Amino acid sequence: MKSKTECCLKVEEFPKADGFSARAEGKEQGGKVEANDNNNLDSGIAPDQNEWKSWNQTKPSLLGRTNRKLRVWQPAKVGLVCVAAVSTALLRMVVMATPVQGATKIYIPYGPLEFSLSIAALEVYATEGKIEPELAFYANHVEPQQLERLRQVLVTPIDVSPVAIAQFLYSPQGEAILERLGEVIQTKAGQEGFYAIRAALIKAAAEPGGLTLLNVLREFPTYGIRINSARSFEIIEELSRLSRQTQQAIAGVNQEAMAEVQAQIESLFPQMLPDFSELPDLREPGPIAYSQQTLTLSDPSRGRRFPVDLYLPSSISAGAGLTPLIVISHGLGSDRMTFEYLAEHLASYGFAVALPEHPGSNAEQLQALSRGLASEVTPPSEFIDRPLDITFLLDQLEQSYRGQLDLDHVGVLGQSFGGYTTLALAGAELNFERLQQVCGESEDSLNVSLLLQCRALELPLADYDFRDRRIQAAIAINPVGSAIFGKSEFAQIQIPLMLISGSNDTVAPALPEQIQPFTWLTTANKYLALLNKGTHFSNLGVSTTAVELPPEVIGPDPAIGRAYTQALSLAFFEVYIAGQSEYQRYLNAAYAQFLSQDAMPLSLVESLSLNQLSEQTDEPPNSSPSPQAPLLIPLP
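Bear in mind the structure is a predicted one, so any value in this text is a computation, not a measurement.

Caption draft 1: Structural context of the overall build of the protein. Of the regular secondary structure elements, the protein holds 21 helices and 19 strands. Within the protein, the fraction of its 636 residues that count as buried is 56%. Contacts in the protein between residues at least 24 apart in sequence constitute 74% of all its contacts with a sequence separation of at least 6. As displayed, the protein has an accessible area near 26,800 Å², and 52% of this comes from carbon and sulfur atoms.

Next comes the structure, spelled out in structure tokens:
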């Protein structure tokens with residue numbers, strides 16, 4: 001037996017004839033954890049962090065041979081560090097459990113036939129580049145580039161620790177993803193692969209080579225992996241349908257943008273279309289100096305404390321009247337630094353800009369999850385706290401900058417979860433009836449953003465109205481909200497609104513989350529900007545604390561997307577917040593065409609009806625289909 005001390009816990013590990021056992025005893029708090037896992041690799045449950053309890057759990061093991069019993073005696077409240085230590089002790093049961101026979105073959109049934117491929121053949125190809133005879137059968141049916149891509153995917157590691165992957169996979173979002181994967185990836189006996197996939201992912205992350213697909217296959221805790229081909233074909237068919245509809249809708253937006261360019265030539269500019277190259281370039285910094293300071297706000301009514309970066313133009317101290325204010329809300333797992341570039345740009349044109357950081361849905365929250373100090377990606381309460389953060393911020397600025405900032409005409413901009421925040425502040429109310437309906441059908445949905453939106457069902461039922469009448473114009477970039485708001489709620493928004501979308505966004509997909517909601521808007525001044533080839537991350541700046549993403553996920557050069565955002569948001573807020581009507585000439589399809597670059601072409605429309613959309617996507621004009629999109633990236 002070996003023993004060591006970690007944090008406030010004494011962790012004891014000892015082998016057992018029928019498996020592996022671990023005991024962790026608290027030295028200071030007197031807590032005690034006893035667990036045994038008899039060949040069950042699905043372990044590592046983190047104890048509840050808010051309320052200690054006595055917990056007994058028995059559930060079937062992955063292999064159906066034994067049961068796991070876990071008993072936790074926990075005293076009244078201890079620190080998160082101790083909770084992390086308990087989680088780590090339990091996680092070791094997964095990593096160091098008695099080895100079982102890993103998967104040796106992948107089985108793919110097709111009608112009355114069944115094809116198989118040994119994992120050893122994949123390993124030889126991945127490590128040596130040699131195609132074994134049984135792999136040659138499949139290799140003959142794919143392009144050489146696809147085969148080489150497979151080799152890269154098999155051995156490319158994902159930099160994540162076993163604790164981090166375990167914490168995510170035990171979160172509600174992680175379990176939802178496992179349920180979907182488990183429908184397709186099953187045990188040899190045909191059982192859904194939920195538990196087996198989770199165990200394989202955690203153990204693979206502990207391998208010397210890290211979390212690679214090849215290691216996941218090796219660590220799959222049954223001797224065979226069965227692919228549910230029937231369910232796979234259903235998903236492929238659904239993906240094809242959604243891809244076709246999305247491409248049709250995007251083509252419709254681009255076609256409408258071209259039509260608007262022609263209409264503007266004939267009506268708005270009958271003599272000559274403005275030569276935008278001769279006009280001030282809104283992508284370039286403005287002439288006004290500015291300063292930056294960081295505030296820390298504390299709202300005792302919610303027990304919430306958060307930082308705010310405030311950018312103030314020099315004109316604010318020159319007695320030049322009230323300075324217009326813009327507030328920017330970051331996305332889930334991000335931070336205020338990702339829009340520092342936009343704050344500086346707007347400040348250089350005379351805007352005051354506030355960048356609050358939302359605790360509970362920022363980069364620090366994801367870091368806490370990866371270290372075992374948080375149990376979920378974000379709590380449902382963030383749907384309430386985020387818009388209230390902005391309202392509280394405006395209240396505080398009214399006290400500190402009365403007579404300097406124009407707090408009766410505020411602009412707000414948000415991205416992803418910050419897009420939801422923006423829409424809620426603009427007047428869209430939560431629709432629990434629609435949310436319940438969409439989430440009830442979400443098992444067949446491929447819209448990743450529903451993993452976030454459906455968490456709002458855990459909120460207490462109430463009439464939530466976050467509308468802040470000080471906000472007079474809004475921009476939502478890659479927003480999520482099709483399920484939590486719906487058609488009637490988008491119609492409630494009566495202030496100028498711009499939606500910015502990316503055609504290749506697999507987190508908040510363009511068709512259900514931006515294009516269709518745009519047709520629901522009834523506000524007189526509305527705009528839809530579409531970044532062709534743009535992703536969920538095409539508008540973000542650099543941050544030292546946000547999750548680092550691979551280039552494939554980010555998409556084309558983000559500098560292009562940032563330039564679009566700088567120009568369009570400046571023109572929009574100059575017109576609708578600063579009251580500078582001369583900037584209206586930039587808010588049209590012709591200017592978007594001028595800005596557009598081949599790597600990420602830009603289109604902008606001011607009008608798109610349900611009938612136009614239905615003609616493109618073969619959807620009935622009054623339909624409101626469940627929002628769906630390819631499941632490729634599990635982060636909003």
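Here the narrative resumes.
Caption draft 2: Spatial organisation of the pattern of salt bridges. Under the defined criterion, the tally for this structure stands at 19 salt bridges. Here Arg470 makes a salt bridge to Glu398, at a shortest N to O gap of 3.5 Å. Placement of Arg470 in the loop between helix 15 (450–453) and strand 16 (471–477) and of Glu398 in helix 12 (residues 382–400) is noted, with a sequence separation of 72 residues between them. It is possible to trace a salt-bridge network through shared partners that takes in Asp299, Arg302, Arg304, Glu382, Asp385 and Asp389.

Caption draft 3: Layout of the nonpolar core. In terms of nonpolar packing, the biggest core is built from 112 residues, with Leu325, Val327, Tyr420, Leu430, Phe485, Ile493 and Ile515 touching the most fellow members. A total of eight residues in this core trace back to one element, the largest contributor, which is helix 7 (residues 194–205). Contact partners of Val327, with chain neighbours within four places excluded, come to Ala354, Pro356, Ile390, Leu393, Leu394, Val410, Gly411, Val412 and Leu413. Grouped together as the second largest cluster of nonpolar side chains are 50 residues, Ile475, Met498, Leu570 and Ile577 included.

Caption draft 4: Summary view of the sheet that holds strand 8 (residues 113–118). Strand order in the open sheet formed by four strands is 8-7-10-9, and the pairing between neighbours is mixed. This sheet does not close on itself; its edge strands, each paired only once, are strand 8 and strand 9 (185–187). Within this sheet the neighbouring strands show an average axis-to-axis angle of 30 degrees, counted without direction. Pairing of strand 7 (residues 105–110) with strand 10 (residues 224–227) involves three bridges; the strand directions are parallel. Looking across to strand 10, one finds that Ile106 is bridged to Ile225. Packed on one face of the sheet, helix 6 (residues 172–184) meets strand 9 and strand 10 and runs near 70 degrees to strand 9.

Caption draft 5: Spotlight on the sheet that holds strand 15 (residues 405–415). Taken in spatial order, the nine strands of this open sheet run 11-12-14-13-15-16-17-18-19, and their pairing is mixed. Among the strands making up the open sheet, the edge pair consists of strand 11 (290–299) and strand 19 (602–605). With strand direction ignored, the average angle separating the axes of adjacent strands in the sheet is 20 degrees. Running at roughly 50 degrees to strand 12 (residues 304–313), helix 12 makes contact with strand 11, strand 12, strand 13 (323–329), strand 14 (352–356), strand 15 and strand 16 of the sheet. Sheet strands in contact with helix 17 (residues 510–520) are strand 17 (497–502), strand 18 (526–531) and strand 19, and its direction is about 150 degrees off that of strand 17.

Caption draft 6: Structural context of the pairing of strand 15. Burial runs high along strand 15: nine of the eleven residues are buried. Note that strand 13 and strand 15 share seven bridges and pair parallel. Within strand 15, the position partnered with Val327 by the bridge is Val412. Relative to strand 16, strand 15 runs parallel, the two sharing six bridges. Each bridged residue has a counterpart across the sheet, and for Gly411 the counterpart in strand 16 is Ala473.

Caption draft 7: Summary view of a nonpolar patch on the surface. On the surface, Tyr110, Leu113, Phe233 and Ile236 cluster together into a nonpolar patch covering about 430 Å² of accessible area. Along the chain, the position of Phe233 falls in helix 9 (residues 229–268). Under the relative-accessibility criterion, Phe233 is labelled partly exposed at 44%.

Caption draft 8: Representation of the pairing of strand 12 within the structure. The buried count for strand 12 comes to eight of ten residues, which makes it a mostly enclosed element. Taken together, the ten bridges between strand 11 and strand 12 define a ladder with antiparallel strand orientation. Considered in strand 12, the bridge of Leu297 is made with Phe306. Where strand 11 folds back onto strand 12 in an antiparallel hairpin, the turn is made up of four residues, including Gly303, whose phi is positive at roughly 60 degrees. Of the strand pairs in this sheet, strand 12 and strand 14 are connected by four bridges, and their pairing is antiparallel. Residue pairing across strands places Leu310 opposite Ala354, the latter belonging to strand 14.

Caption draft 9: Highlighting the state of the cysteines. One pass over the structure, following the stated rule, counts one disulfide. The disulfide partner of Cys439 is Cys454, and the gap between their sulfur atoms is 2.0 Å. On the sign convention where negative means left-handed, the S-S torsion of about -100 degrees between Cys439 and Cys454 marks this disulfide as left-handed. With Cys439 in helix 14 (residues 432–440) and Cys454 in the loop between helix 15 and strand 16, this residue pair connects regions lying 15 residues apart in the sequence. The buried category is assigned to Cys439, whose relative accessible area is 12%.

Caption draft 10: Local environment of the side chain of Thr519. Looking at the secondary structure, you find Thr519 in helix 17. On the basis of relative accessibility, which here comes to 11%, the residue Thr519 falls in the buried class. Apart from residues lying up to four places away in sequence, Thr519 is in contact with Leu608, Ser609, Leu610 and Leu613.

Caption draft 11: Local environment of the packing of aromatic side chains. Inspection of every chain in the model, using the stated rule, returns 24 aromatic pairs. A ring pair is formed by Phe137 and Tyr138, whose centres lie 5.1 Å apart and whose planes are at 85 degrees; its orientation type is edge-to-face. Ring-pair connections join several aromatic residues into one group, and the members of that group are Phe383, Phe417, Tyr420, Phe485, Phe490 and Trp520. Over the face of the ring belonging to Tyr125 we find Arg151, whose NZ or CZ atom lies 5.9 Å from the ring centre. The ring of Tyr170 carries the charged tip of Arg198 above its face, separated from the ring centre by 3.8 Å.

Caption draft 12: Main features of helix 6. Compared with an ideal rise of 1.5 Å per residue, which puts 13 residues at 18 Å, helix 6 spans 19 Å between its outermost C-alpha atoms and is within 8% of the ideal. Among all positions in helix 6, only Gln173, Gly174, Ala176, Ile177, Leu178, Arg180, Gly182, Glu183 and Val184 are buried.

Caption draft 13: Just the packing of helix 6 against helix 7, in detail. Running from amino to carboxyl end, helix 6 crosses helix 7 at an angle of 115 degrees, the nearest separation of the two axes being 8 Å. The two elements helix 6 and helix 7 meet at a crossing, and its hand is right-handed. Between helix 6 and helix 7, the contacting residues are Glu175, Leu178, Glu179, Leu181 and Gly182 on the first element and Phe194, Ile197, Arg198 and Leu201 on the second. Residues that form the contact of helix 6 with helix 7 fall into these classes: five nonpolar, one polar and three charged.

How each quantity is defined
Residues numbered from 1 in each chain as written. Predicted model: local features only at pLDDT ≥ 70, side-chain atom pairs only at ≥ 80, totals over all residues. Heavy atoms only, no water. Helix = DSSP H or I, 4+ residues; strand = E, 2+ residues; numbered from the N terminus. Buried < 20%, exposed > 50% of the residue type's maximum accessible area, 1.4 Å probe, protein only. Contact = heavy atoms within 4.5 Å. Areas by Shrake-Rupley, 256 points an atom, 1.4 Å probe, with all protein chains shown as cover. Salt bridge = Lys/Arg side-chain N within 4 Å of Asp/Glu carboxyl O. Core = buried A, V, L, I, M, F, W, Y, C linked by side-chain atoms within 4.5 Å. Pairing = 2+ DSSP bridges. Axes fitted to C-alpha atoms, helices over the stretch in contact; angles between N-to-C directions. Patch = residues over 30% accessible without salt bridge, like charges linked within 9 Å, V, L, I, M, F, W, Y side chains within 5 Å. Disulfide = S-S within 2.5 Å. Phe/Tyr/Trp six-rings, centres within 6.5 Å; stacked < 30°, edge-to-face > 60°. Lys NZ or Arg CZ within 6 Å of the ring centre and 35° of its normal. Expected span 1.5 Å × (residues − 1). Left-handed = near helix turned anticlockwise from the far one by under 90°. Nonpolar A, V, L, I, M, F, W, Y, C, P; charged D, E, K, R; others polar.

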